[in-house]
Amino acid sequence: GYRLPTELVNRNSYVSAVNNISSLPTDKTLSIKIGIEKPPVIENFDCGADTSILDNPKNCMISSKLFGAAYSRPEEDQVAFGGLRALEFINAALDHGVEVTSSSYGFPLMYDLLVGTVQFKLHPNDKVHNWGRILVRLVPPSDFKRKSAEMSALRILSENPTVAQHPHIP
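Bear in mind the structure is a predicted one, so any value in this text is a computation, not a measurement. (Residues numbered from 1 in each chain as written. Predicted model: local features only at pLDDT ≥ 70, side-chain atom pairs only at ≥ 80, totals over all residues. Heavy atoms only, no water.)

Chemist: Quick one: what's the story with the nonpolar core, residue by residue and with numbers?
Modeler: Core analysis: the biggest nonpolar cluster contains 30 residues, and F120, V139 and L154 have the highest contact counts within it. Top contributing element to this core by residue count: helix α5 (residues 107-115), with seven residues. Residues in contact with V139, not counting those within four places in the same chain, are F45, V98, V100, M110, F144 and M151. (Core = buried A, V, L, I, M, F, W, Y, C linked by side-chain atoms within 4.5 Å. Buried < 20%, exposed > 50% of the residue type's maximum accessible area, 1.4 Å probe, protein only. Helix = DSSP H or I, 4+ residues; strand = E, 2+ residues; numbered from the N terminus. Contact = heavy atoms within 4.5 Å.)

Okay, structure coming up:
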């Protein structure tokens with residue numbers, strides 16, 4: 001058997017109750033049984049400081065594979081001046097999924113946005129750093145729960161725009 005979604009079952013119960021309320025004696029009440037779905041598990045991105053890039057010397061090297069030939073910086077005319085091309089770029093990133101290890105929309109792109117190397121803007125007043133922050137917060141829990149030098153660096157740069165914009169950041 002096919003089971004109706006909880007929302008439809010609840011609507012049906014409500015409509016049935018409304019239809020039957022006119023025949024209810026004035027001294028009686030009417031109760032309806034509704035179903036609830038199990039709420040989704042939501043992982044907390046802000047579950048504590050990730051200082052693994054500072055604390056773990058064996059884990060402090062950003063993986064060279066993440067900077068491999070697969071990543072190429074978006075062309076400035078593709079992302080810098082807003083408009084349809086910039087919107088298509090961000091939509092492609094969101095459709096593809098933002099993951100730390102992604103060659104197109106992963107660590108290198110988020111790092112470039114956070115430090116201002118890629119001048120992505122939908123609106124002329126956009127701050128590039130904020131687009132980096134948005135993408136960092138969209139990584140899946142499997143990425144942000146794992147302590148890695150890459151995720152740690154992204155978190156630090158994301159929460160510290162002054163550090164991210166420092167001229168000595170590579």
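Read on, since the account is not over.
Chemist: If you had to explain the environment of Y2 to someone new, which residues and values would you point to?
Modeler: By the secondary structure assignment, Y2 is in the segment before α1 (6-20). A relative accessible area of 72% means that Y2 is categorised as exposed. The spacing of Y2 and S102 is 100 residues in sequence and 38 Å in space, taken between C-alpha atoms.

Chemist: Break down the side chain of S152 for me, citing the residues and quoting the values.
Modeler: Among the secondary structure elements, S152 is positioned in helix α8 (residues 149-159). Among all residues touching S152, those that are not within four sequence positions of it are D50, T51, S52 and I53.

Chemist: A description of the packing of α5 against helix α6 (residues 128-137) should follow, citing residues and the corresponding values.
Modeler: Packing of α5 against α6 leaves a shortest axis separation of 6 Å and a crossing angle of 145°. Considering only the axes of α5 and α6, their crossing is left-handed. Of α6, the residues touching α5 (which contributes L109, M110, L113 and L114) are V128, H129, W131, G132, R133, L135 and V136. Here the residues of the contact of α5 with α6 are counted per class, giving eight nonpolar, two polar and one charged. (Axes fitted to C-alpha atoms, helices over the stretch in contact; angles between N-to-C directions. Left-handed = near helix turned anticlockwise from the far one by under 90°. Nonpolar A, V, L, I, M, F, W, Y, C, P; charged D, E, K, R; others polar.)

Chemist: Any chance you could break down a nonpolar patch on the surface for me, citing the residues and the numbers?
Modeler: Together, Y14, V15, V18, I21, L30, I32, I34 and I36 make up a nonpolar patch on the protein surface, roughly 800 Å² of accessible area in all. With respect to the helices and strands, the residue V15 is situated in helix α1. (Patch = residues over 30% accessible without salt bridge, like charges linked within 9 Å, V, L, I, M, F, W, Y side chains within 5 Å. Areas by Shrake-Rupley, 256 points an atom, 1.4 Å probe, with all protein chains shown as cover. Salt bridge = Lys/Arg side-chain N within 4 Å of Asp/Glu carboxyl O.)

Chemist: With reference to specific residues and values, describe the pattern of salt bridges.
Modeler: In a structure, side chains of opposite charge can pair up when their charged atoms sit close to one another. Within this structure, the stated rule accounts for eight salt bridges. For R11, the salt bridge is made with E7, and the minimal N-O distance between the two is 2.9 Å. Here R11 pairs with E7, and both are found in helix α1, just four residues apart, close to one helical turn. Between K145 and E43 there is a salt bridge, with its nearest N and O atoms 3.5 Å apart.

Chemist: I'd like a description of the packing of aromatic side chains, backed by residues and values.
Modeler: What the rule picks out here adds up to five aromatic pairs. Ring centres of F89 and Y105 lie 5.8 Å apart, and the angle between their planes is 65°; on these two criteria the pair is classed as edge-to-face. Residue F89 is located in helix α4 (residues 83-96), and its partner Y105 is located in the loop between α4 and α5; the two are separated by 16 residues in the primary sequence. For the residue pair F89 and Y105, the accessibility class agrees, reading buried in each case. Pairing F89 with F120 gives two aromatic rings, centres 6.0 Å apart and planes at 40°, and the pair type is tilted. With F89 in helix α4 and F120 in the loop between α5 and α6, this pair connects stretches of sequence that are 31 residues apart. For the residue pair F89 and F120, the accessibility class agrees, reading buried in each case. (Phe/Tyr/Trp six-rings, centres within 6.5 Å; stacked < 30°, edge-to-face > 60°.)

Chemist: Lay out the environment of L113 in plain terms, naming residues and giving numbers.
Modeler: Structurally, the position occupied by L113 is in helix α5. Note on L113: relative accessible area 3%, which makes it buried. For the pair L113 and R133, spaced 20 residues apart in sequence, the C-alpha separation works out to 8.3 Å. When near neighbours in sequence (up to four residues on either side) are disregarded, L113 contacts V118, F120, V128, H129, W131, G132 and L135.

Chemist: So what's going on with α4? Residues and values would help.
Modeler: An α-helix turns once every 3.6 residues. As a result, residues three or four positions apart point the same way. Given a rise of 1.5 Å per residue, 14 residues ought to cover 20 Å, and the 20 Å separating the end C-alpha atoms of α4 matches this to within 8%. Turning to α4, its buried residues are A86, F89, I90 and A93. Along the long axis of α4, the arc covered by the buried residues comes to 90°, so they all point the same way. Exposed side chains of α4 directed beyond 90 degrees from the buried face belong to L84, D95 and H96. Tucked into the core, α4 has its buried residues touching α3 (76-79), α5 and α6. Where α4 ends, the next residue or the one after it, G97, has phi of about 100°, a positive value. (Expected span 1.5 Å × (residues − 1). Arc of directions from axis to C-beta.)

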